[in-house]
Amino acid sequence: MQPQTTSPGDFQAYLDAHVIVAPAGMELRQGPHGLGLFVTRPFHQGEEVLRAIEFHIPDDDQIYRARVQIGGSLEEIDITPMQSVRYEGFRAIDLPGCLMNHSCDPSTLSIDVKDDSGENTVGYIQVATRDLAPGDEITCDYVLFDWDGDGHRFECQCGSPGCYGYVAGFVSLPPEIQEQLADRIYSEIRRKWERTRG
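This report concerns the structure included in the present document. Every value quoted in this text rests on a predicted model; they were computed, and no experiment measured them.

Now for the environment of V49. Mapping V49 onto the fold places it in strand β5 (residues 48-51). When its relative accessible area of 7% is taken as the criterion, V49 is described as buried. Along the backbone, V49 and G72 are 23 residues apart, and their C-alpha atoms lie at a distance of 22 Å. Leave out the neighbours within four places in its chain, and V49 touches M26, F43, T108, Q126, V127, A128, L132 and I138.

See below:
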């Protein structure tokens, strides 16, 4: 599960040689917010839904071309910087997780996976935040792993009662919401947040 560090050219070569397919129990299809991941079987709250392949690529704004299996057809899509997360010195892109749409009340939550020492995060898994039925979309909360929106800010249309309204990274949230989400944020975001709090 260790993230693969690669060059932009090698990542594009990987995409050229592979087709992105949804793992067992889910499918890629068009939904109300564009292309997304949807479950095809029930998942229980707390159950692992997705274990993605994560790539670390030197920080750039490159757009990659990828082939994806949607239903019975093969389609080409762009993987843009908005589908990656900028950390210090690199971008993280995970497949097929980069195709999850945002919700302020997400159906899944990222859980860090640590190395044998328990010190270093080597990846993550997505677990169900509630019971999911076939046809439910697999969503995540972008602010939990994106510090400043990375220049990719948008009006949220998730419609959840606690909707942020505008998604612009964890740093843009009011302090009381940051505190409420503190036990869910990705380790890299936690480090940045702790630095800002003194």
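Secondary-structure assignment places L74 in strand β8 (residues 73-79). A relative accessible area of 47% means that L74 is categorised as partly exposed. Those residues in contact with L74 that lie beyond four places of it in its chain are V19, R67, V68 and Q69.

On the secondary structure map, R91 appears in strand β10 (residues 90-95). When sequence neighbours within four positions are dropped, the list of residues in contact with R91 reads F55, H56, I57, P58, D59, D60, D61, P81, S84, V85, R86 and D150.

This brings us to the pairing of strand β3 (residues 26-31). By the bridge criterion, 6 bridges tie β3 to strand β4 (residues 34-39) in an arrangement that is antiparallel. Within the sheet, the bridge partner assigned to E27 lies in β4 and is F38. In this structure, the hairpin formed by β3 and β4 is closed by a connection of 2 residues.

Ranked by size, the top nonpolar core spans 55 residues in total, and within it I20, I79 and L95 carry the most contacts. When residues in this core are grouped by element, the largest group, 5 residues, is from strand β13 (residues 121-128).

Cut-offs applied
- Going along each chain's sequence as written, the residues are numbered from 1 onward.
- Reporting of local features is limited, given that this is a predicted model, to residues whose pLDDT is at least 70; pairs of side-chain atoms are given and counted only at 80 or more, and all residues count toward the totals for whole chains, interfaces and linings.
- Computation of side-chain values covers all heavy atoms of the structure but excludes hydrogens and water.
- To qualify as a helix, a DSSP run of H or I must reach at least 4 residues; to qualify as a strand, a run of E must reach at least 2; elements of each kind are numbered from the N terminus.
- Relative accessibility under 20% of the residue-type maximum defines a buried residue, over 50% an exposed one, and the middle range a partly exposed one, all with a 1.4 Å probe and only protein chains included.
- Residues count as neighbours in contact if any of their non-hydrogen atoms are within 4.5 Å of one another.
- Two strands qualify as a pair provided DSSP detects at least 2 bridges between them.
- Buried Ala, Val, Leu, Ile, Met, Phe, Trp, Tyr and Cys residues that are joined via side-chain atoms within 4.5 Å together make up what is termed a nonpolar core.

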